[in-house]
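# Tertiary structure, described
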Amino acid sequence: MKTLVPALLIVLGSVLMIAQIHADSEPGAIPLSLIVIGAMWLLMSLARKRRHSA
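All of the points below concern the structure found in this document.

Rules of the game
Residues numbered from 1 in each chain as written. Predicted model: local features only at pLDDT ≥ 70, side-chain atom pairs only at ≥ 80, totals over all residues. Heavy atoms only, no water. Helix = DSSP H or I, 4+ residues; strand = E, 2+ residues; numbered from the N terminus. Rg over C-alpha atoms; globule rule 2.2 N^0.38 Å. Buried < 20%, exposed > 50% of the residue type's maximum accessible area, 1.4 Å probe, protein only. Contact = heavy atoms within 4.5 Å. Areas by Shrake-Rupley, 256 points an atom, 1.4 Å probe, with all protein chains shown as cover. Expected span 1.5 Å × (residues − 1). Patch = residues over 30% accessible without salt bridge, like charges linked within 9 Å, V, L, I, M, F, W, Y side chains within 5 Å. Salt bridge = Lys/Arg side-chain N within 4 Å of Asp/Glu carboxyl O. Lys, Arg positive; Asp, Glu negative; His and termini not counted. Charge placed at Lys NZ, Arg CZ, Asp CG, Glu CD.

A few words now on the overall build of the protein. Within the protein, the regular secondary structure consists of 2 helices and 0 strands. Radius of gyration (C-alpha) of the protein: 14 Å, far over the 10 Å computed for a compact globule of 54 residues. Along the three orthogonal principal directions, the C-alpha set of the protein runs to about 45 × 15 × 10 Å. Sorting the 54 residues of the protein into buried and exposed places 19% on the buried side. Long-range pairs, those at least 24 residues apart, make up 52% of the contacts in the protein with a sequence separation of at least 6. Counting every atom, the protein has about 4,300 Å² of accessible surface; 72% of that belongs to carbon and sulfur.

This part takes up helix 1 (residues 4–24). Spanning 21 residues, helix 1 covers 30 Å between terminal C-alpha atoms, matching the ideal 30 Å at 1.5 Å per step. Tucked into the core, helix 1 has its buried residues touching helix 2 (29–53). Following helix 1 by one or two positions, S25 has its phi on the positive side, about 65°.

Below, the discussion takes up a nonpolar patch on the surface. A contiguous nonpolar patch, built from M1, L4 and L8 and spanning about 360 Å² of accessible area, is present on the exposed surface. Along the chain, the position of L8 falls in helix 1.

A few words now on a positive patch on the surface. Together, K2, R48, K49 and R51 make up a region of like positive charge exposed at the surface. Along the chain, the position of K2 falls in the segment before helix 1. On the basis of relative accessible area, K2 is assigned to the exposed category, the value being 67%.

Locating S33 in the fold gives a position in helix 2. S33 sits in the partly exposed class, given a relative accessible area of 33%. A C-alpha to C-alpha distance of 9.4 Å links S33 and I10, two positions 23 residues apart in sequence.

Note that every value here comes from positions in space, so none of it alone points to a role or purpose.
Here it is in structure tokens:
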């Protein structure tokens, strides 16, 4: 669950960005922020998992 939600945010942001680029020929701020937030969340959860298992 801790990696599923951030991964879904990244996928949702990517899909929205592709749709936005196709419609407007430019990426929007919301899809980009979803990708960035999802990636940061995923990296932090993986780092915590690695730190606690070591």
